[in-house]
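# An overview of the molecular structure
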Amino acid sequence: MKILISGGAGFIGSHLCDYFLKKGNKVICLDNLLTGRKENIAHLLKNKNFKFIKQDITEKFSLSGKVDAICHLASAASPKDYLKFPLETLKAGSAGTLNLLELARKKRAIFLLASTSEVYGDPKVSPQRENYWGNVNCIGPRSCYDEAKRFSEALTIAYHRKYSLEVRIARIFNTFGPRMKGNDGRAIPTFIGQSLKNEDLTVFGKGDQTRSFCYISDLIEGIYRLLKSKEPRPINLGNPSEMKIVDLAKKVIALSKSKSSLVYKPLPVDDPKRRCPDIKRAKELLGWQPKVNLEEGLKRTIAWFRSL
Ligand code: UDP
């Protein structure tokens, strides 16, 4: 297959490029490098089955030749990044999604949208199932990301209904692993960076808000299985083992054998209180569930950050 990956130089996108190439496919990676990084794909640039095109998908562009599948991952994705680039984030999830859906229609390609657990906002039910409509503040600081992804889902399903386009919607929960940016503000890279420098770990609020963290290789396997399935409805992809952020911070300190302590900082506005995926649909339809536990994933990620 020939697969186009938008946002292919990002954290998740670059792992997806690796995965598809390893399986013998051809990959075209589109990225405008706003938050993605060339070093994530540097090892692929000489691969004859890989092509990198520096392209802003919110602008009109054309692509010759066949494409079998489009995976749309292009977007700022960490709260720090999308707060810095709110308009770019809204455009990537609106004009960008529209351009790629049109391309998929012309090429008769399968379209996979990388959506997010943020579509559930600050959820009032937990764990979150795909049939929960969410609790999103549409003018809050996170709205540029949440609403762009909600709009992307609406656009994707409209193309499916109107044009019978083959679509897939992955609702991706917190994911971590090598190639995360140390300065993207997210909890795991921030805590690891602080631990390795023996600096205080910045826990926001009381740290009793929860998240559930999925290791990158598990997520990539889930995306692949979703693409191969025939399921147009959204599917949660994430690790259902939920934990408090303060406990995550302590775990990172212990695993990196750090002398760091915790320091408490104000909780960001609209920071979701709980987040945990119900992955029953993924289990039943894709035969998928995460295999790498948090401790193992953290060890591998700490080792990678140390090696930098
Ligand atoms: N967080 C924290 N300290 C940090 C970075 C994040 O306590 O230095 C918290 C943040 O407030 C949130 C959780 O960790 O409750 C996960 O944040 P992250 O930015 O990784 O992802 P989010 O799930 O908010 O998109």
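Each residue is numbered by its place in its chain's sequence as written, counting from 1. Per-residue local features of the predicted model are confined to residues with pLDDT of at least 70, and side-chain atom pairs are confined, for both listing and counting, to 80 or more; whole-chain, interface and lining totals are unaffected and use all residues. The basis for every side-chain value is the complete set of heavy atoms in the structure, and neither hydrogens nor water enter the calculation.

## Here's the deal with the packing of helix α5 (residues 187-196) against helix α9 (residues 294-307)
Interaxial angles span 0 to 180 degrees and are taken between N-to-C directions of axes, which are lines fitted to C-alpha atoms, for helices over the stretch in contact. Helical segments are the DSSP runs of H or I of at least four residues, strand segments are the runs of E of at least two, and each set is numbered from the N terminus. Contact geometry of α5 with α9 gives a least axis separation of 10 Å together with a crossing angle of 60°. Here α9 runs oblique to α5, going by the angle between their axes. Of the two elements, α5 crosses α9, and the hand of that crossing is right-handed. Contacts from Ile188, Pro189, Ile192 and Leu196 in α5 reach Leu298, Thr301, Ile302, Phe305 and Arg306 in α9. By the convention adopted, Pro, Cys, Tyr, Trp, Phe, Met, Ile, Leu, Val and Ala count as nonpolar, Lys, Arg, Asp and Glu as charged, and the other residues, Gly among them, as polar. Tallied by class, the residues present in the contact of α5 with α9 amount to 7 nonpolar, 1 polar and 1 charged. If an angle is under 35 degrees, it is roughly parallel; if it is over 145, roughly antiparallel; if it lies from 65 to 115, roughly perpendicular; otherwise it is oblique. Crossing handedness follows the turn of the near helix against the far one: under a right angle anticlockwise gives a left-handed crossing, and clockwise gives a right-handed one. Contact between two residues is taken to exist if any of their heavy atoms lie within 4.5 Å; hydrogens are not considered.

## Focus on the site of the ligand
Here a residue counts as near a molecule or strand whenever at least one of its heavy atoms sits within 4 Å of it. Near the ligand, the surroundings consist of 18 residues, among which Thr202, Phe204, Arg211, Asp271 and Arg275 are the closest. Within 3.5 Å is the distance limit for a polar contact, defined as a pair of N or O atoms, with the added protein rule that one can donate a hydrogen and the other accept it, and that residues adjacent in sequence qualify only through two side-chain atoms. Within the side chain of Arg142, one N or O atom sits 2.9 Å away from an oxygen atom of the ligand. Contacts to the ligand include Arg211, whose side-chain N or O atom sits 2.6 Å from an oxygen atom. The Shrake-Rupley method, run with a 1.4 Å probe, gives the accessible areas here. Residue values count only the displayed protein chains as cover. When the ligand is considered free in solution it has 510 Å² of accessible area, and contact with the protein chains removes 95% of it. Put simply, the parts of the chain that give the shell around the ligand at least two residues each are α5 and β8 (201-204).

## Some points on the pattern of salt bridges
Close approach of charged atoms allows side chains with opposite charge to pair. The working definition used for a salt bridge is a side-chain nitrogen of Lys or Arg within 4 Å of a carboxyl oxygen of Asp or Glu. Inspection of the entire model under this criterion finds 22 salt bridges. Measuring nitrogen to oxygen at the nearest pair gives 3.3 Å for the salt bridge that ties Glu295 to Lys251. One end of the pair, Glu295, is in helix α9; the other, Lys251, is in helix α7 (residues 245-255), with 44 residues separating them in the sequence. Residue classification places Glu295 among the partly exposed residues on the basis of a relative accessible area of 33%. A salt bridge links Glu284 to Lys280, with the shortest nitrogen-to-oxygen separation between them at 3.5 Å. Residue Glu284 and its partner Lys280 are located together in helix α8 (residues 280-286), separated by 4 residues, close to a single helical turn. Accessibility assignment for this pair places Glu284 and Lys280 in one class, exposed. Taken together, the salt bridges that share partners define one network made up of Glu118, Arg142, Arg211, Asp271 and Arg275. The buried label applies to any residue whose accessible area, calculated with a 1.4 Å probe on protein chains only, is under 20% of its type's maximum; exposed applies above 50%, and partly exposed to all values in between.

Taken by themselves, the reported measurements are silent on function.
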